[in-house]
Amino acid sequence: MKKKIVVAITGASGSIYAKLLLEKLQVLQSQIAEVSVVMSDNAKDVWKFELDNEDYNSITYKIYPKTDFMAPFASGSAKFDTMVIVPCSMGTLGRIAGGISDDLITRAADVILKERRKLILVARDMPFNLIHIRNMQTVTEAGGIICPAIPSYYSKPQTIEDLAMTVVNRIIDLIGLDNESYRWGK
């Protein structure tokens, strides 16, 4: 069954993860029914600063404004089965943990949780304070998956993109898409 995926991009550092995830989803398009994107204003600023471009303007998927509560994935009836927030700021995590649906990102996350579907939060901050940890616990207990943007090194990445792809490949696995990537022990 093909996946319907929402990708939300917040203003946490780590725009490279969002960029690479969207590129990888293009490669895996045969397994996907639909991808929708929503970005915060801060996400655009951070993307420009970190990646030195405005390539988010050429994302091939439909991008919804963060204020568009009429977006299909703002309702459980649209049957989006997965939402990835990458990178996920601690502010966004906190609002989700508190049930505060004040924009399309947090509303969609609330919908995914209430429908018992897959919510993946790619937390990108460190160190964690106790509030962060408790918010992660709350989201986990509600059914979400905390996937910190912590790259792995056993595949011997050679570039920053290779290193970031170790996180993106984990995200792809969590979504449930077939993906060729480094596997431990193979």
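Here's a quick rundown of the structure.

### Here we look at the packing of helix 1 (residues 15-27) against helix 6 (residues 160-175)
Between two packed helices, the angle of one axis relative to the other and the distance separating the axes together describe the packing. In contact at an axis separation of 9 Å, helix 1 and helix 6 are set at 60 degrees when each is read in the N-to-C sense. Of the possible angle classes, the one that applies to helix 1 and helix 6 is oblique. Judged by the sense of rotation from one axis to the other, the crossing of helix 1 with helix 6 is right-handed. Contacts between helix 1 and helix 6 involve Ile16, Tyr17, Leu20, Leu21, Lys24 and Leu25 on the former and, on the latter, Ile160, Glu161, Ala164, Met165, Val167, Val168, Asn169, Ile171, Ile172 and Ile175. Here the contact of helix 1 with helix 6 is built from residues that sort into 13 nonpolar, one polar and two charged.

### Some points on helix 4 (residues 104-114)
The buried fraction of helix 4 amounts to eight of the eleven residues, a majority that puts the element mostly inside the structure. Listing the buried residues of helix 4 in full gives Leu104, Ile105, Thr106, Ala108, Ala109, Val111, Ile112 and Leu113. Here helix 4 starts with a cap whose side-chain oxygen sits 3.1 Å from the backbone nitrogen of Ile105, and that cap is Asp103.

### Considering the sheet that holds strand 6 (residues 145-146)
An order of 3-2-1-4-5-6 is seen for the six strands of this open sheet, with the pairing classed as parallel. Two strands close off the open sheet at either side, each with one partner strand: strand 3 (62-64) and strand 6. Note that strand 5 (residues 118-123) and strand 6 share two bridges and pair parallel. In the strand pairing of strand 6, Leu121 is matched with Ile146. Most of the contacts of helix 2 (residues 41-51) go to strand 2 (residues 32-39), to which it runs at about 90 degrees, and overall it touches strand 1 (3-9) and strand 2.

### Thoughts on the packing of aromatic side chains
Going through the model one piece at a time under the given rule, you end up with five aromatic pairs. On the basis of an interplanar angle of 90 degrees and a centroid distance of 5.2 Å, the ring pair of Tyr64 and Phe73 is categorised as edge-to-face. As far as the burial class goes, Tyr64 and Phe73 line up, both buried. Judged by centre distance (5.0 Å) and plane angle (70 degrees), the ring pair of Tyr154 and Trp184 falls under edge-to-face. Placement of Tyr154 in the loop between strand 6 and helix 6 and of Trp184 in the segment after helix 6 is noted, with a sequence separation of 30 residues between them. In textbook terms, an aromatic cluster arises when at least three aromatic residues are bridged by ring pairs, as seen for Tyr64, Phe73 and Phe80. Over the ring of Phe80 we find Lys4, and its NZ or CZ is 4.7 Å from the ring centre.

Here is what the cut-offs are and how they apply
Residues numbered from 1 in each chain as written. Predicted model: local features only at pLDDT ≥ 70, side-chain atom pairs only at ≥ 80, totals over all residues. Heavy atoms only, no water. Axes fitted to C-alpha atoms, helices over the stretch in contact; angles between N-to-C directions. Helix = DSSP H or I, 4+ residues; strand = E, 2+ residues; numbered from the N terminus. Parallel < 35°, antiparallel > 145°, perpendicular 65-115°, else oblique. Left-handed = near helix turned anticlockwise from the far one by under 90°. Contact = heavy atoms within 4.5 Å. Nonpolar A, V, L, I, M, F, W, Y, C, P; charged D, E, K, R; others polar. Buried < 20%, exposed > 50% of the residue type's maximum accessible area, 1.4 Å probe, protein only. Polar contact = N/O pair within 3.5 Å; in protein donor to acceptor, adjacent residues only side chain to side chain. Pairing = 2+ DSSP bridges. Phe/Tyr/Trp six-rings, centres within 6.5 Å; stacked < 30°, edge-to-face > 60°. Lys NZ or Arg CZ within 6 Å of the ring centre and 35° of its normal.

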